[in-house]
Structure formats: C-alpha cells, structure tokens
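Structural overview for review
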Amino acid sequence: MKQVEQLQEVDLFQKIANHEQVVFCNDRQSGLKAIIAIHNTTLGPALGGTRMYPYSSVQEALEDALRLSEGMTAKCAISDVDFGGGKAVIIGDPNKDKSPAMFRALGQFVDSLNGRFITGTDMGTTMNDFIHAAKETKFINGIPESFGGSGDSSIPTAKGILYALKATNQFLFHNNSLHGRVYAIQGLGKVGRKIAVHLLEAGAFVYVTDTNESVIKSFLNEVRDKQQCIQVVSGEEIYRVHADIFMPCAIGGIINEKTIPLLNVKAVVGSANNQLACDKYAGSLTEKEILYAPDYIVNAGGLIQIADELYGVNRERVLEKVASIYDTILQLFKDAQDANITTVEAARRECERMLDEQQHRNNFYSRSRRPKWDIK
Ligand SMILES: NC(=O)C1=CN([C@@H]2O[C@H](COP(=O)(O)OP(=O)(O)OC[C@H]3O[C@@H](n4cnc5c(N)ncnc54)[C@H](O)[C@@H]3O)[C@@H](O)[C@H]2O)C=CC1
Ligand SMILES: O=C(O)CCC(=O)C(=O)O
C-alpha cells in the first residue's frame, strides 16, 4: 500500500514537471473544487481565465488546467504581453452548479496567491461570476465596465479571430475578404456567436453547431433575416462539411486522429484553446494541405484586453494590438512556408525566443523592478 502511494506521488510531480505551481482549491461550503495552474512567470505574474466544465475526473481537470496554462505562457509571449501563463478550472456544470458563493471562494484562493495569478472569464464563466470573485480579491480582471473593468473580453477575442481569418484568406486566396466564403463553426458561445454574426453580415455562408439547443435557437432568432446563409448541423457533422475554413470555438482536443480524416476544408482557424489533441497533428494537417493558424495567436484578443486593463483601460490601444494579429499570423504562415516547418513549430520557436530574451533581462538586478505589476 505504501509503495503504491509513493508511486502516485512521483507520477503527480512528473505530470506537473513543467509547471511552477499547482493549487488545489476546496471549499466545502460552496462546493468549489478548483485547480489553479501556474505554468511560467518569466514574463510576469500569471494571467489566464477560469474555465468551468463538468470534468469527468480530477485527472481530466488537472490535465486541462496544465495544458491551458502552458498555452497562456505561449500566448503572452507571442502577443508581447508582459505576463506569464496561468489558468484555473472549476469542476462543475456551468448550467447547474454555479453560485455567487462559489466565485467568492475562488476569489479568496486567488487572493491567497498575492498577485502571482490574475484571472477572469473563460469557457463556462461570465463577467457576472467575477463580480463576486472581485469582492474577495483585486486580482480579477475582465469584469463589467460599470465595476471598473474593461468589459466583455470575448469582443476583442472575436475581433482577433476575424483578423486571423482575413490573414488566412489573404495567404490562401490572395484576397482577404470574408465575403462569399464558407465557414464551419463549432460552438456558438460568447466568441463563436459574435464571429458567426459578423461573418453573416460580411456575406459569408456558415455551418454551425452547438451542443446546447437553446444556444442555437437564440442564435437563429438573432439572425432571422440571414436564414438562407446558415445551415445547422449535428455534432460530428461539422467535421465533414465542405467549407473553406473550420472554426473550433468550443472545446479543445478536437483536431485528432479521428477528426483529421473527416476534414474537408483548406484551413483551421478558431478561438478554442488547445485545438490540437497533441502537436504532432500539426504535421497531419500539413500533409492534408490544411493550413493551421495556431490557436494561441489567433485567440489572443481577450488576453490583450485583460492585460491592458491592468495598466488602466484604453480601448484604442487594445484595438491596435488586436489588429496586429493580422500581420503576426500572415508573417507566421510565410515563415513556416519558407522554413518548410509547420505553423506550430514556427510559433513555438518565436515563443522560445521571447522567453529567452526576457530570461536574460531578468538577470539584471534593480531594487524595485516592474512597478507596472504593482496592481492597485
Ligand atoms: N472568451 C474569450 O474571450 C476567449 C475564449 N477562448 C476559448 O474559446 C472557446 C470558446 O470560449 P467562449 O465562447 O468564451 O465559451 P462559452 O462557454 O461562452 O461557449 C462555448 C460554447 O460551446 C458549446 N459547446 C461545448 N462543447 C461543444 C461541442 N463539443 N460541440 C459544439 N459546441 C460545444 C457550448 O454549449 C457553448 O455554447 C474556449 O475554448 C475558450 O477557452 C480563448 C480565448 C479567449
Ligand atoms: O480572454 C479572457 O478573458 C481570458 C484570457 C484567457 O484565459 C485566454 O486567452 O484563454
């Protein structure tokens, strides 16, 4: 028995070997069960949203937190945002299990990290949830403007994705217009729905799917006058439709050995974090001549806004930085093509360069460095 326990301990530390810190948060009163993962703080305090999802096991939740927080390190680096990678996950069904008390408890745990981790919304959580968390800690962002925050971060996220789509169209078709093209959107939540509405307004055709029927109904109601440009498909069907671009805007891990053979598109560009079940699938997409826009570059709009909020909200500054996603992604496509490597490898090299540069700067001692992180 003792031997088995020791083995599990070693496994756990191996699992988190690339991470600085992992915190398990348990509040019996509110039912909060959460994991905060801090991946790397080379660039600054860890920044990343909190996801709520009905994970089937603690193991699954931990793996999600680890991968998501690692992705945030890369996202901060490539977006040139002076923060590190972190993420929190809450185990529970966002449609049934949420309560203000749960988010206040989360706020207390975040506060206990004293600024090493700053968080806000992600899949399954909303700005309103974080109004409760913000009562317990100042290390919260992305709350409504009426509460002094920068508001809905899914707005800049959706804008960034649209810039990435234009860059993809430019690279593939030598014309960056969104008009007349066909997009397959998986997930019509905070981000996916905004993208779908914009694409319809721009004169595109969209295939859409969402596991929540009421989300589909409400979307169709919003775009009543565009019904001829929409086709709702069931879960698996979204991988099979003939479209220009597949847009994962829900869960991660959906580009894998089962789905890649089904894809009938020229590119994958979407908001979902960790779309590739693992990096080797970047090569499989390339073999199928499907261009992949690395998720953490194209979906950085929300991060750009919440990071900016910590210096004081400035919309123009945010919009300008979000617009730069167009150039970043176009350049990355060209670099990958010139070097004959996948877009994932090209992005990884760029992130490593940014982290190395900062590690070098961190060798320099001065007594009161980085006052900009002294959040009020
Ligand atoms: N909200 C933001 O600003 C950012 C979001 N992301 C990522 O984008 C993705 C979507 O985020 P949000 O729109 O904020 O989440 P959300 O929770 O508002 O919406 C997700 C939607 O996907 C649907 N869904 C879940 N599983 C599905 C499946 N298997 N097939 C089809 N639909 C499914 C849900 O019913 C929901 O309508 C997530 O992966 C998130 O991490 C990334 C960067 C920023
Ligand atoms: O967009 C947000 O509100 C949070 C940023 C984040 O966690 C992400 O980009 O995944």
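Values in this document were obtained by computation on a predicted structure and should not be read as measured data.

**Regarding the packing of aromatic side chains**
Enumeration according to the criterion identifies five aromatic pairs in this entry. Arranged with centres 5.2 Å apart and planes meeting at 45°, the rings of Phe171 and Phe333 form a pair that is tilted. In this pair, Phe171 is assigned in helix α5 (residues 154-173) and Phe333 in helix α12 (residues 325-339), connecting sequence segments 162 residues apart. Here the guanidinium or amino end of Arg181 rests over the ring plane of Phe173, the centre of that ring lying 3.7 Å away.

**A word on the site of ligand 2**
Taken together, Gly48, Gly49, Met72, Lys75, Lys87, Thr121, Asp122, Ser153, Asn273, Gly302, Leu303 and Ile306 are the residues near ligand 2. A distance of 3.1 Å is found between an oxygen atom of ligand 2 and a side-chain nitrogen or oxygen belonging to Asn273. Expressed as a share of its isolated accessible area of 290 Å², the protein-covered part of ligand 2 is 93%. For the shell around ligand 2, the elements supplying multiple residues, two or more each, are α2 (58-78) and α10 (301-309). Residue composition of the shell around ligand 2, grouped by class: three nonpolar, six polar and three charged.

**Focus on the pairing of strand β4 (residues 50-53)**
Bridge count for β4 against strand β5 (residues 84-91) is four bridges, and the pairing is parallel. Residue pairing for β5: Thr50 is matched across the bridge by Ala88. Each parallel crossover has a hand, and the one from β4 via α2 to β5 is right-handed.

**Some thoughts on the site of ligand 1**
In the region of ligand 1, 24 residues are neighbours, and Arg51, Thr157, Asp210, Ala250 and Asn273 sit closest. Within the backbone of Ala250, a nitrogen or oxygen atom sits 2.6 Å from an oxygen atom of ligand 1. The side chain of Ser271 places a nitrogen or oxygen atom 2.9 Å from an oxygen atom of ligand 1. Compared with its free state, where it exposes 830 Å², ligand 1 has 87% of that area covered by protein. Of all elements in the fold, only α5 and α6 (190-201) reach the threshold of two or more residues within the shell around ligand 1. Among the residues forming the shell around ligand 1, the class breakdown is seven nonpolar, twelve polar and five charged. Both of domain 1 (19-70 + 84-144) and domain 2 (155-354) provide at least three residues apiece to the shell around ligand 1.

**Side note on α5**
For α5, which comprises 20 residues, the first-to-last C-alpha distance of 28 Å matches the rise-based estimate of 28 Å (1.5 Å per residue) to within 8%. Of the residues flanking the end of α5, it is His174, one or two places downstream, whose phi is positive at about 55°.

**A short note on the UniProt feature "binding site: NAD(+)" (unreviewed entry) in the chain**
If you check UniProt for "binding site: NAD(+)" (unreviewed entry), the listed places come out as Gly187, Leu188, Gly189, Lys190, Val191 and Gly192 in our numbering. For Leu188, the position within the fold is in the loop between β7 (182-186) and α6. On the accessibility criterion, Leu188 (2% relative accessible area) is buried. Those residues in contact with Leu188 that lie beyond four places of it in its chain are Arg193, Ala196, Val208, Thr209, Asp210, Val215, Ile216 and Phe219. By relative accessible area, Val191 is classed as buried at 16%. What Val191 contacts, discounting residues up to four positions off in sequence, is Ser154, Thr157, Ala158 and Ser271.

**Examining the side chain of Ser79**
One can find Ser79 in the loop between α2 and β5. Look past the residues within four positions of Ser79 in its chain and what remains in contact with it is Ala300, Leu303 and Lys321.

**Observations regarding the UniProt feature "active site" (unreviewed entry) in the chain**
Per the UniProt entry, the sites bearing "active site" (unreviewed entry) are Lys87 in this numbering. Note that Lys87 resides in strand β5. Ignoring anything within four residues of it in the chain, the contact list for Lys87 reads Ile35, Ile36, Ala37, Gly48, Gly49, Ala65, Leu68, Ser69, Met72, Phe117, Asp122 and Asn273.

**Here's the deal with the domain arrangement of the chain**
Entries for the chain in the domain assignment read domain 1 (19-70 + 84-144) and domain 2 (155-354). Its C-alpha centre places domain 1 at a distance of 25 Å from the equivalent point of domain 2. Counting from both sides, the interface comprises 16 residues of domain 1 and, opposite them, 15 residues of domain 2. Summed over both partners, the interface of domain 1 with domain 2 buries about 1,100 Å², with 51% contributed by carbon and sulfur atoms. For the pair domain 1 and domain 2, the number of links is zero salt bridges. When contributions to the side of domain 1 that touches domain 2 are tallied by element, the ones reaching two or more residues are β4 and α2. For the side of domain 1 that touches domain 2, the class distribution of residues is seven nonpolar, five polar and four charged.

**Points about the pattern of salt bridges**
Across all of its chains, the model carries 20 salt bridges by this definition. For Asp129, the salt bridge identified is with Lys98, shortest N-O distance 2.8 Å. Placement of the pair is Asp129 in helix α4 (residues 127-133) and Lys98 in the loop between β5 and α3 (100-112), with a sequence separation of 31 residues. Given a relative accessible area of 27%, Lys98 falls into the partly exposed group. For Arg361, the salt bridge is made with Glu357, and the minimal N-O distance between the two is 3.2 Å. With Arg361 and Glu357 both in helix α13 (residues 343-361) and four residues apart, the pair spans about one turn of that helix. Here the residues in one salt-bridge network are Arg51, Asp64, Lys87 and Asp122, joined through shared partners.

What counts, and where the lines are drawn
Residues numbered from 1 in each chain as written. Chains lettered and ligands numbered in written order. Predicted model: local features only at pLDDT ≥ 70, side-chain atom pairs only at ≥ 80, totals over all residues. Heavy atoms only, no water. Phe/Tyr/Trp six-rings, centres within 6.5 Å; stacked < 30°, edge-to-face > 60°. Helix = DSSP H or I, 4+ residues; strand = E, 2+ residues; numbered from the N terminus. Lys NZ or Arg CZ within 6 Å of the ring centre and 35° of its normal. Near = heavy atom within 4 Å. Polar contact = N/O pair within 3.5 Å; in protein donor to acceptor, adjacent residues only side chain to side chain. Areas by Shrake-Rupley, 256 points an atom, 1.4 Å probe, with all protein chains shown as cover. Nonpolar A, V, L, I, M, F, W, Y, C, P; charged D, E, K, R; others polar. Pairing = 2+ DSSP bridges. Right-handed = clockwise from strand over helix to strand, strands pointing away. Domains from an automatic or database assignment. Expected span 1.5 Å × (residues − 1). UniProt positions renumbered as here; feature names shortened; annotations may be inferred. Buried < 20%, exposed > 50% of the residue type's maximum accessible area, 1.4 Å probe, protein only. Contact = heavy atoms within 4.5 Å. Buried area = accessible area lost by both parts, 1.4 Å probe. Salt bridge = Lys/Arg side-chain N within 4 Å of Asp/Glu carboxyl O.

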